[in-house]
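Below are the chains, spelled out letter by letter.
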Amino acid sequence: ALFLRDNETQIVDVALNFIFETHEGFTRAFAKEFGITPKKYAQTTPPLKLFLPTPVQDWENEKKGKKTMSTNSTVIFAQVIERSKRKAIIKRGVDATHYFEYCNEVGCDVWGELCSIRGALYEPMGMWLPPKLIKPGTSLYVQGVEIPEDFSGIIPEGYDLIDLEPCLMMIFQGEKYDDENFQEEVGKVMKAIDKYDPEPFGFVWAPNDAPRFQYEPQGSRGYIEGRPVRQIAK
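This section reports on the structure supplied with the text.

The rules behind each value
Residues numbered from 1 in each chain as written. Predicted model: local features only at pLDDT ≥ 70, side-chain atom pairs only at ≥ 80, totals over all residues. Heavy atoms only, no water. Helix = DSSP H or I, 4+ residues; strand = E, 2+ residues; numbered from the N terminus. Buried < 20%, exposed > 50% of the residue type's maximum accessible area, 1.4 Å probe, protein only. Contact = heavy atoms within 4.5 Å. Pairing = 2+ DSSP bridges. Expected span 1.5 Å × (residues − 1). Salt bridge = Lys/Arg side-chain N within 4 Å of Asp/Glu carboxyl O. Core = buried A, V, L, I, M, F, W, Y, C linked by side-chain atoms within 4.5 Å. Phe/Tyr/Trp six-rings, centres within 6.5 Å; stacked < 30°, edge-to-face > 60°. Lys NZ or Arg CZ within 6 Å of the ring centre and 35° of its normal.

Structural notes on the environment of Phe30
Structurally, Phe30 is set in helix H3 (residues 23–34). The buried category is assigned to Phe30, whose relative accessible area is 4%. Not counting the four nearest positions on each side in its chain, Phe30 is found in contact with Ala1, Leu4, Gly35, Ile36, Thr37, Pro38, Tyr41 and Leu48.

In structure tokens form, the structure reads like this:
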């Protein structure tokens, strides 16, 4: 689906490239999975519920309350970047304050649908919304994707479109890690960020300016989280 979204190509070539024996077999499988033929999808590229792997072992450990935390020092890289005015497509929960609660409330297929949205500025993210962006009766934690201010694509059913003002974001990135240690490594970086003091570098936290966010944890690049900041007036 993503190959069809991002490339102008013949359906039969995609079918053969992805190891289908026939054009017809690929079309049947695609339509059964997504409810739309590959030809029509390539022409219109609506959001789809892509299927993505879920860290099942980590999910089960969280449910069973099995948590570990190393006391070793954590190395993180931090930089401040500017975010221009933009919008975001988000799926709200009810009471969720973090990822696992959100998956219990909403399910884990939201991420796949966000990945399919054409024209996104960045990859999908988990967000902790500032109070001004939380609707009554909805969650602090949501999942979403940022899009340009002039986005004209399709908003999936059940999702909200929100406006995000220009802001400064301090982006933190942890060290690479083994994916089997997902929870421990992410937890260490999050604790280190909580203790981080931006003032010696000329900034203060600005939690009401924009959502705090986290990208999908991937061991090959380390855990990445962003928090809004403001520059201290001289």
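Some details on the pairing of strand S9 (residues 224–231)
Consecutive side chains along a regular strand alternate between the two faces of the sheet. Burial of S9 is extensive: six of the eight residues sit out of reach of the surface. When strand S6 (residues 167–174) meets S9, the two strands line up antiparallel, connected through six bridges. In the sheet register, Ile171 faces S9, and the bridge partner there is Gly226. Alignment of strand S7 (residues 203–205) against S9, held across three bridges, turns out to be antiparallel. Counted as the bridge partner of Trp205 is Val229 from S9. Relative to S9, strand S8 (residues 212–215) is paired through two bridges, and the arrangement is antiparallel. Each bridged residue has a counterpart across the sheet, and for Gln214 the counterpart in S9 is Glu225.

Description of H3
The end-to-end C-alpha distance of H3 is 16 Å, a good match for the 16 Å that 12 residues give at a rise of 1.5 Å each. When H3 is considered as a whole, its buried residues turn out to be Gly25, Phe26, Thr27, Phe30 and Phe34. Turning to H3, the residues buried within the fold contact helix H1 (2–6), helix H2 (11–17) and helix H4 (38–44). At the C-terminal side of H3, Gly35 shows a positive phi close to 75°.

Description of the pattern of salt bridges
Between side chains of opposite charge, pairing is possible as soon as their charged atoms come close. Summed over all chains, the structure comprises 13 salt bridges. Where Lys85 meets Glu149, a salt bridge forms, and the shortest distance between an N and an O atom there is 3.7 Å. Highlighted residues: Lys85 in the loop between strand S1 (76–83) and strand S2 (86–91) and Glu149 in the loop between strand S4 (141–147) and strand S5 (160–164), separated in sequence by 64 residues. The partner of Glu123 in a salt bridge is Arg221, with the nearest N and O atoms 2.8 Å apart. A residue pair is termed long-range when its members are at least 10 positions apart, and Glu123 in the loop between helix H7 (110–115) and strand S3 (125–128) and Arg221 in the loop between S8 and S9 qualify at 98 residues. For Glu123, a relative accessible area of 28% puts it in the partly exposed group. A single network of salt bridges, built from pairs that share partners, joins Asp194, Arg212, Glu225 and Arg227.

Re the nonpolar core
One finds Ile89, Leu114, Ile117 and Val145 to be the most contacted residues of the largest nonpolar core, which totals 23 residues. Secondary structure elements with two or more residues in this core: helix H6 (99–106), H7, S4, S6 and helix H8 (182–195). With sequence-adjacent residues up to four places away left out, Val145 is seen in contact with Lys87, Ala88, Ile89, Leu114, Ile117, Ala120, Tyr122, Glu123, Pro124 and Met127. By size, the runner-up hydrophobic cluster in this structure holds 16 residues, among which are Met125, Met127, Ile162 and Ile224.

Some thoughts on unusual backbone geometry
The backbone of Ile19 sits at a positive phi, close to 70°, despite the residue not being glycine. Mapped onto the fold, Ile19 is located in the loop between H2 and H3. Backbone geometry at Thr45 places phi at a positive 40°, although glycine is not the residue there.

Structural notes on the packing of aromatic side chains
Inspection of every chain in the model, using the stated rule, returns 12 aromatic pairs. Seen from their ring centres, Trp128 and Tyr141 are 5.1 Å apart, and the 75° between their planes marks the pair as edge-to-face. Here the residue Trp128 occupies a position in strand S3, and Tyr141 occupies one in strand S4, the gap between them amounting to 13 residues. Judged by centre distance (5.0 Å) and plane angle (80°), the rings of Phe172 and Tyr196 are edge-to-face. Note that Phe172 is positioned in strand S6 and Tyr196 in the loop between H8 and S7, a separation of 24 residues in sequence. The exposure class of Phe172 is buried, given its relative accessible area of 0%. Residue class for Tyr196 comes out partly exposed when judged on its relative accessible area of 22%. The ring of Tyr122 has Arg83 sitting right over it, with the charged end atom 4.0 Å from the ring centre. When the ring centre of Tyr159 is taken as origin, the NZ or CZ atom of Lys91, which lies over that ring, is 5.2 Å away.

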